[in-house]
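# Commentary on secondary and tertiary structure
Chain by chain, the residues run as shown.
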Amino acid sequence: MKMKRPSSHLQTGMLLLCMVVLLIATSMLTVEYHCTEMDRKLARIMVFSEEADMKSAASAVDAALEQWEQSRRWLQLFVPRQSVAELNTGFAKLQPLAQAKNDELASECAALRAMLCWVGEQY
């Protein structure tokens with residue numbers, strides 16, 4: 001008795017299902033990676049800011065903004081625009097705060113870290 005080959009529709013359906021699962025897993029890992037990287041950068045800025053080492057804080061802000069430009073491109077693929085726009089607004093505030101040696105730099109970083117944590121958990 002010969003076994004029938006699975007129908008091409010079944011094979012196509014299974015292939016599509018595997019692709020969807022792979023896409024979901026990839027998007028989750030990408031969002032988590034970029035949120036974690038940005039969280040590390042912000043934590044570093046906060047340490048310098050709390051130690052009143054504003055020169056190092058300004059340098060860390062520059063590094064964080066460079067990383068943000070890369071991360072923003074990826075996050076825009078998987079995260080709603082409004083969330084990315086809110087994060088972008090927060091990151092735009094960092095450089096002026098660092099240049100002005102403003103005490104609010106650490107609190108702005110804390111707010112951004114909270115937003116990143118929320119984005120990472122939601123998506």
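Our structure is the block above this text.
Keep in mind that what you see is a predicted model, and the values were worked out from it rather than measured.

Moving on, we come to the packing of aromatic side chains. Inspection of the entire model under this criterion finds one aromatic pair. For the pair Trp-68 and Phe-91, a centre-to-centre distance of 4.5 Å together with 15 degrees between the ring planes defines the contact as stacked. In this pair, Trp-68 sits in helix α2 (residues 54-78) while Phe-91 sits in helix α3 (residues 81-99), placing the two residues 23 residues apart along the sequence.

Attention shifts here to the pattern of salt bridges. Going through the model one piece at a time under the given rule, you end up with three salt bridges. Across the pair Glu-37 and Arg-40 runs a salt bridge, and its minimum N-O distance is 2.8 Å. Separated by three residues within a single helix, Glu-37 and Arg-40 lie in helix α1 (residues 8-50), roughly one turn from each other. Taking relative accessible area as the criterion, Arg-40 reaches 53% and is therefore assigned exposed. Arg-72 is the partner of Glu-69 in a salt bridge, and the nearest nitrogen-oxygen pair spans 2.5 Å. Note that Glu-69 and Arg-72 are positioned in helix α2 at a spacing of three residues, about one turn of the helix. For Glu-69, a relative accessible area of 32% gives the class partly exposed.

Definitions and limits used
Residues numbered from 1 in each chain as written. Predicted model: local features only at pLDDT ≥ 70, side-chain atom pairs only at ≥ 80, totals over all residues. Heavy atoms only, no water. Phe/Tyr/Trp six-rings, centres within 6.5 Å; stacked < 30°, edge-to-face > 60°. Helix = DSSP H or I, 4+ residues; strand = E, 2+ residues; numbered from the N terminus. Salt bridge = Lys/Arg side-chain N within 4 Å of Asp/Glu carboxyl O. Buried < 20%, exposed > 50% of the residue type's maximum accessible area, 1.4 Å probe, protein only.

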